[in-house]
Amino acid sequence: MASKLTGTVALVTGASSGIGAATARELADQGATVVVVARRKDRLEALAAEITQAGGTALAVEADVADRDQAEAAVGQAVERFGRLDILVNNAGLMLLGPVVGADPQEWERMIAVNVQGLLHTTHAAMPHLLKAAEDGPRQVADIVNISSIAGRKAWANYGVYNLTKFGVNGFTESLRQELADRHVRVGVLEPGAVDTELGSHNNDTIHAEILNPFNEQHERLAPDDIADGIAYMVTRPRHAAIAELWAMPTDQA
């Protein structure tokens, strides 16, 4: 029996770990051919081999989406290899927390480059192919899912620049959703909270303890598979049904 995404091609950024890797596995299970994109080539190749061994089809593409040329080349490789692109999941992200006063501007630049510019680069490169898939693809619809954060809706002290990037992702997603509403390219944002990934692993231990631990002590942490389930739910909806925004929040500790 054909799965819901049989015949489609999905590209997932930030796919070397966490939400990206879990999403690639889930979309492959749903029948999609998956192109996994990230900077860590060894992890990507291991993930692609895992999907292939499970009966799916995957292509590993090493690229830093913060670099426009690399992002465009990654999309180009996907289309050259498989002839189409139906689903784009913009998952690549970086979280560096801390006060604005006295902060290292280079950390701001890194977050903005990955969280905002990377999303713009891949979306721009993928758009012609997504529009074509919406016209003549197997589902007559294409999907863009941008992974944001609950920090794109609520601001906290010491999240300043991270909040800036995620508020930006949410605003861009809504604007693009309206722009493409009548062209059968569905655009949505998924906003997780407290997910157990490597996203915040670059924070120093002091910042992690002062900012993140109090929240973690009050909430169960979600797993990457939980978010991947939400992404699959968004892209396997009937053609006429779109999800503009989906929150995935942990429950309070008992």
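The residue numbers shown here count from 1 along each chain, following its written sequence. For this predicted model, a pLDDT threshold of at least 70 governs which residues receive local features, and a threshold of 80 or more governs which side-chain atom pairs are given and counted, while totals over whole chains, interfaces and linings are taken from all residues. To get the side-chain values, all heavy atoms of the structure are used, and hydrogens and water are removed first.

## Details of the environment of Gly230
How we decide: Per the convention used, a helix needs a DSSP run of H or I reaching at least four residues, while a strand needs a run of E reaching at least two, with both numbered from the N terminus. Here a residue-residue contact requires only that any non-hydrogen atoms of the pair lie within 4.5 Å.
With respect to the helices, strands and loops of the structure, Gly230 is situated in helix H7 (residues 224-235). Sequence-distant contacts of Gly230, defined by excluding residues within four places in its chain, comprise Leu190 and Leu246.

## Some words on the packing of aromatic side chains
Keep this limit in mind: We call Phe, Tyr and Trp rings a pair once their centres come within 6.5 Å, taking the six-membered ring for Trp, and we label the pair stacked below 30 degrees between planes, edge-to-face above 60, and tilted otherwise.
By the definition in use, this model includes two aromatic pairs. Consider the rings of Tyr159 and Tyr162, whose centres lie 6.4 Å apart with planes at 55°: the pair is tilted. In textbook terms, an aromatic cluster arises when at least three aromatic residues are bridged by ring pairs, as seen for Trp156, Tyr159 and Tyr162.

## Details of the nonpolar core
Short version of the rule: Buried residues of nine kinds, namely Ala, Val, Leu, Ile, Met, Phe, Trp, Tyr and Cys, make up a nonpolar core once their side-chain atoms join them within 4.5 Å. In this scheme, a residue with accessible area under 20% of its type's maximum is buried, one over 50% is exposed, and one in between is partly exposed, where area comes from a 1.4 Å probe on protein chains only.
Among the nonpolar cores identified, the biggest contains 41 residues, and Leu11, Val35, Val37, Leu85, Ile144 and Val185 are the most heavily contacted of them. Elements with a minimum of two residues in this core: strand S1 (9-13), strand S2 (33-38), strand S3 (58-62), helix H3 (68-82), helix H4 (105-136), strand S5 (142-147), helix H5 (160-179) and strand S6 (185-192). When neighbours within four sequence positions are excluded, Ile144 is seen to be in contact with Leu88, Asn90, Thr123, Met127, Leu130, Leu176, Val185, Arg186, Val187 and Gly188. With 32 residues, the next largest nonpolar core counts Ile51, Leu222, Ile231 and Ile243 among its residues.

## Structural notes on helix H2 (residues 41-53)
What counts, and what does not: How far a helix is expected to stretch is found by multiplying one less than its residue total by 1.5 Å. Our arc is simply the arc of the directions from the helix axis toward the C-beta atoms.
For H2, built from 13 residues, the straight-helix expectation of 18 Å at 1.5 Å per residue is met to within 8% by its first-to-last C-alpha distance of 18 Å. If you check which residues of H2 are buried, you get Leu44, Leu47, Ala48 and Ile51. The buried residues of H2 occupy an angular sector of 100° when projected down its axis, which confines them to one face. Residues of H2 that are exposed and angled more than 90 degrees away from the buried face: Asp42 and Gln53. In this fold, the buried residues of H2 make contact with helix H1 (18-29), S2 and S3.

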